[in-house]
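Breakdown of the fold
Read off the chains here:
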Amino acid sequence: MNDLISIPCVLMRGGTSKGPFFLASDLPSDPEKRNALLLEIMGSGHPLQIDGIGGGNSLSSKVAIVGPSTHPEADVDYLFAQVKVLEQSVDTAPNCGNMLSAVGPFALEAGLVQPTGDETLIRVHNVNTGKLIDARVCTPGGRVVYSGEASIDGVPGTAAPVYLAFRNAVGAKTGKLLPSGNAVDLIGGFETTLIDGATPLVVLKATDFGFTGSEPAAAFDADGAFLNILERVRIEAGRLMGLGDVRASVLPKPVLIGSPKHGGDLAVRYFTPANCHAALATTGAVTLGLGATIPNSLISQHLLQASLPRTLRWEHPTGELSVRVEMAPGDNIPTVSVMRTSRRLFEGAALVRAAHDNAHSVYGNTSV
């Protein structure tokens, strides 16, 4: 009825993030064509993403692409895409654990996985990192439910819980838990722990920058001098971690830690990396959980108890996020589990302009 191309999608909240979820079969298989389509859909290049469905914020300019598994031990593939707000750029290097919490419900409702009772275990293959995550979704009576009594800080109200277990979450990008080989490295005069678990992190002490680690996110975002120093440290950390020149990448992510103020185990401020996260990325929380098991790391230096299993509470700008660290039978690496919630927000189609005569060949496998 018009000159726009229709791409089926579902808008979902996953943890403290949200964005459109697509079936892989509804998007081009060619990464360049797929990314061009995502930029169009999200409206990147404008601070409000006013001509797209992005939310004008890194936490709401995210995309999940889900399809049948290409991994023999998994049920579904999940590719995460961080679509930049101001830049014409799509980054598929990182995983997003918050968006991951909605992958299981989406896969069930899309018919990629069949429910197995009141709770369904879905093994998710994260294509970005090659890692496997177990997601347990509430399916009473064989159907997905989103209403429940679980709550997470950073999201209003309550919802049904989704339990994520990150097994063997080591070396998402470098293949090593400690890419530099050291529990502590000195970069630009600052002590750091460079750790690669579910995502690569550059962990630093907040006090070294004149902070406590419990400040609101806006306090960091308003300090341009601090952010410039943090970025210089991050770039050098990327080199030491074997990630090369990371100036155009969101990885590794900087994290400031400090003494807790509200009864938790550690105050955590996670950067995206240009801004302080309003809460805490799930993959960051998982990686910090692994870091707590490394003797003499900056994380473990803050913690008194060293034995497993243990629950760790990370204080973030809008509350806290807890992780469970334990050793599963037969594993040599601890499993880190976290509880998240998700919700289906809107279903329909994203509409994109057919800007060229060859629009269908540019956008690939789309429906009109």
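For the structure itself, consult the block above.
These figures come from a predicted structure and were not determined experimentally.

Definitions and cut-offs
- Residues numbered from 1 in each chain as written.
- Predicted model: local features only at pLDDT ≥ 70, side-chain atom pairs only at ≥ 80, totals over all residues.
- Heavy atoms only, no water.
- Helix = DSSP H or I, 4+ residues; strand = E, 2+ residues; numbered from the N terminus.
- Rg over C-alpha atoms; globule rule 2.2 N^0.38 Å.
- Contact = heavy atoms within 4.5 Å.
- Core = buried A, V, L, I, M, F, W, Y, C linked by side-chain atoms within 4.5 Å.
- Buried < 20%, exposed > 50% of the residue type's maximum accessible area, 1.4 Å probe, protein only.
- Phe/Tyr/Trp six-rings, centres within 6.5 Å; stacked < 30°, edge-to-face > 60°.
- Salt bridge = Lys/Arg side-chain N within 4 Å of Asp/Glu carboxyl O.
- Lys, Arg positive; Asp, Glu negative; His and termini not counted.
- Polar contact = N/O pair within 3.5 Å; in protein donor to acceptor, adjacent residues only side chain to side chain.

1. Brief notes about the overall build of the protein chain
Scanning the protein chain from N- to C-terminus turns up eight helices and 16 strands. Its C-alpha radius of gyration of 20 Å places the protein chain within 12% of the 21 Å reference for a compact globule of 368 residues. Projected onto its principal axes, the C-alpha coordinates of the protein chain cover approximately 65 × 50 × 35 Å. For the protein chain, contacts bridging at least 24 residues in sequence account for 62% of all contacts bridging at least 6.

2. Some thoughts on the nonpolar core
Nonpolar side chains in soluble globular proteins generally cluster together in the buried interior. Ranked by internal contacts, the top residues of the largest apolar core, which has 57 residues, are F21, Y78, F166, W314 and V323. Those residues in contact with F166 that lie beyond four places of it in its chain are N95, L100, I133, A198, T282, V286, P334, T335, V336 and V338. Membership of the second largest hydrophobic core comes to 19 residues, among which are I187, L204, F220 and M241.

3. Remarks on the side chain of T282
As for its placement among the helices and strands, T282 is situated in helix α6 (residues 282-291). Not counting residues up to four positions away in its chain, the partners in contact with T282 are G97, N98, F166, V338 and R340.

4. A short note on the packing of aromatic side chains
With the rule as written, the count across this model stands at eight aromatic pairs. Seen from their ring centres, F209 and F226 are 5.4 Å apart, and the 80° between their planes marks the pair as edge-to-face. On the criterion of sequence distance, the pair formed by F209 in the loop between β11 (200-205) and α4 (217-221) and F226 in helix α5 (residues 224-240) is long-range, its members being 17 residues apart.

5. Some remarks on the pattern of salt bridges
Here the structure, examined in full by the defined rule, presents twelve salt bridges. Residues D51 and R353 are paired through a salt bridge, measuring 2.5 Å at the closest nitrogen-oxygen approach. Remark: R353 occurs in strand β16 (residues 335-353) and D51 occurs in the loop between α1 (31-42) and β3 (62-68); sequence separation between them is 302 residues. Residue D51 is classed as exposed on the basis of its relative accessible area, which comes to 52%.

6. What to know about the environment of E73
Here E73 shows up in the loop between β3 and β4 (76-83). Sequence separation between E73 and H125 is 52 residues; the distance between their C-alpha atoms is 8.3 Å.

7. Here we look at the side chain of R340
Structurally, R340 can be placed in strand β16. The charged side chain of R340 is buried without a salt bridge, its nearest counter-charge being D153 at 7.6 Å. A distance of 2.9 Å separates the side chain of R340 from the side chain of N98, its partner in a polar contact. If we ignore the near neighbours within four places in the chain, the residues touching R340 are G15, T16, N98, S101, I152, A160, P161, V162, L164, T282 and L321.

Honestly, it's all geometry; don't read function into it.
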